[in-house]
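Below, each chain spelled out in residue letters.
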Amino acid sequence: MNRSSKIVLSGLGMTLALAFTAAPASAQLQTKNQTKCITGVNKAAIKVSSSVRKVAEECLRYALSGQNVLNCVLADTKGRIGIATEKLAAVAGSSYCTDDPPDFGFTSGVIANGAALLQERNLAEDIFGTAFLNGSAPMATDAASRACRDTVARDYGRVSATVAKAFLACKKNGLTLGSIDSAADLQGCFAQITSDANALVQKAMTTFQLDTLGSCNVMQLDEIFGGVCNDAVGVLAFGNCLDRTVQCRACMSLNAIDGLTADCDLHDDGEANYTCPPGSAPPTTTSTTLDTSTTTLDTSTTTLDTTTTTEDTTTTTSTTTTTTTTTTTTTTTTTLPGVLQWTFSGACVDATLVVANFGNLELRAQGPAEVTVRADLTSRRDAPGSGRNEIIDVEIVDINFEAGDPNSDTYAKVDLYPEEGIPLSATHIDPRPSIGTIREDNPGNPQGVFDVKPYGQQGTGTVAMSAFIHVEFKANFQGSALHEFLHHDVPISLGGTVTNLPPAKDDFVLMTNTTPVPVRRDATDSGFLGATINALKVTFDPTTCEVIVPAL
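Conventions we followed
- Residues numbered from 1 in each chain as written.
- Predicted model: local features only at pLDDT ≥ 70, side-chain atom pairs only at ≥ 80, totals over all residues.
- Heavy atoms only, no water.
- Helix = DSSP H or I, 4+ residues; strand = E, 2+ residues; numbered from the N terminus.
- Buried < 20%, exposed > 50% of the residue type's maximum accessible area, 1.4 Å probe, protein only.
- Expected span 1.5 Å × (residues − 1).
- Disulfide = S-S within 2.5 Å.
- Salt bridge = Lys/Arg side-chain N within 4 Å of Asp/Glu carboxyl O.

Things to note about unusual backbone geometry
Between Leu501 and the following residue, Pro502, the backbone shows a cis peptide bond with an omega angle of 5°. The residue Pro502 is located in the loop between β14 (492–498) and β15 (508–511) in this model. The phi dihedral of Asp76 is positive, around 45°, even though this residue is not glycine. With respect to the secondary-structure elements, Asp76 resides in the loop between α2 (69–75) and α3 (80–92). Overall, the relative accessible area of 13% leaves Asp76 in the buried class.

Comments concerning helix α12 (residues 235–258)
Between its terminal C-alpha atoms α12 stretches 35 Å, which fits the 34 Å expected from 24 residues at 1.5 Å a residue. A large share of α12 lies buried, amounting to 20 of its 24 residues. Looking one or two residues beyond α12, the residue adopting positive phi is Gly259, at roughly 70°.

Side note on the state of the cysteines
For the structure shown, the criterion picks out 7 disulfides. The disulfide bridge from Cys248 ends at Cys276, spanning 2.0 Å between sulfur atoms. Disulfide Cys248 to Cys276: torsion about the S-S bond roughly 75°, handedness right-handed. Of this pair, Cys248 sits in helix α12 while Cys276 sits in the loop between α13 (264–269) and β3 (314–318), and the two are 28 residues apart along the sequence. Taking relative accessible area as the criterion, Cys248 reaches 0% and is therefore assigned buried. Cys276 sits in the buried class, given a relative accessible area of 9%.

Notes on the pattern of salt bridges
Inspection of the entire model under this criterion finds 13 salt bridges. Here Arg121 makes a salt bridge to Glu125, at a shortest N to O gap of 3.2 Å. One end of the pair, Arg121, and the other, Glu125, are both in helix α5 (residues 109–128), 4 residues apart, so they sit about a helical turn from each other. Because the salt bridges share partners, they merge into one network encompassing Arg154, Asp155, Arg158 and Asp211.

What is shown is where atoms sit, not what they do.
Encoded structure:
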């Protein structure tokens, strides 16, 4: 999938554009300046988080029922959040970080700032509920309710800050002594901050629990807290839920800031029980078994005559984030003996990228694309073990999907995996064609005829392919331009149904992988921020294609 797109978050009045970076996996002791960069950015990010919490605490303390607390935080009347974010940007832009960037434990000032802002907002909504914070639900304002709310707002901030500071202390000590020389070593600090031996963290957690028990009663919980702990039975269970939620968000923030991949669901309460991110649920997947046993494509005759290629124009009517595009599709057919190739100028691509380390942020893009498909009728044969069902080899030759202007700082592009330009590694093998088969669903009638129109009269075919795509995106954060190129090593399994060759209006192929496909960064061939491709669909509807821009 080659895609470049604007990825925007509105959080606490800041616009966050996500940059994807990753540290090399090899172990290496960090220099003094690299250590200063790693710890300095962490310290500054902690300050951003604490500034957000301080402002939110004050806004909650004086909030009236129906008042939008989020707008109050956004106003940042004393400039605390703005000062903290500027300080973080200055640290990340200092010579400590730019002259010889750290090999691990550092992503960028953009990501650190964004993670701190995003996770603090998420945490506040997890605890108090979005409806209470944006004023759409009435908030209890009696003295007892205020006392309970103020206590929880104060103490959850203390726990979160203590966890972050304990992680920073572990990091600083390990880097100084040389016991931390890789991202894996740094990730070990998560275990240290949750161990019984960490007195400061344990004390903060105990105080949080006791203060909640002392300041809140069961009758107040529903009226004050509309977040993920709202259904906890009893004040003690509520306190345990709050503690788990704070641990979860602290872990997710540190993962993003440091470019780590710690299992935050395991970290928050010691169990893999889908409690992080809050509101998670066990995944439900539908497994589709497709015949991919014969995906060898004969490409010995791939020099094609393209002199008859024509294209129609596309008219797009845009609104703010969604447009309806009316396309008169052009299907250009190029033939060799037994080999057909079609170019669809009115196809539609729909892709979804999920960023785990940013709270499972889902980024979806959809729009018109040009797709080229090739079918080799000379490869027709009986499908293994199928009796009389026949299959033919097919290949997606090209995908061209773009959103935005490539000369601007907001741009997205999806295409097939390139044959060159990505560094080779142990997991990285070229070439990676997007190939597979179409299998007739009913035996040919008569025998020996591939029963899909126009060769058969009424049959359909099942598509089974392995695809490799490439993604490019540009985004902008407070004047900082980001430009990333992404690929994947695990093939995307595509399945679907065709009623015609070339594919007809209602035909499609979609991603059938039972687990998301991890994305890797071209520059380092390493994973980052837990980002995955979770959905991909290609349709051939020649009339409409809704344009979806990945913006929040």
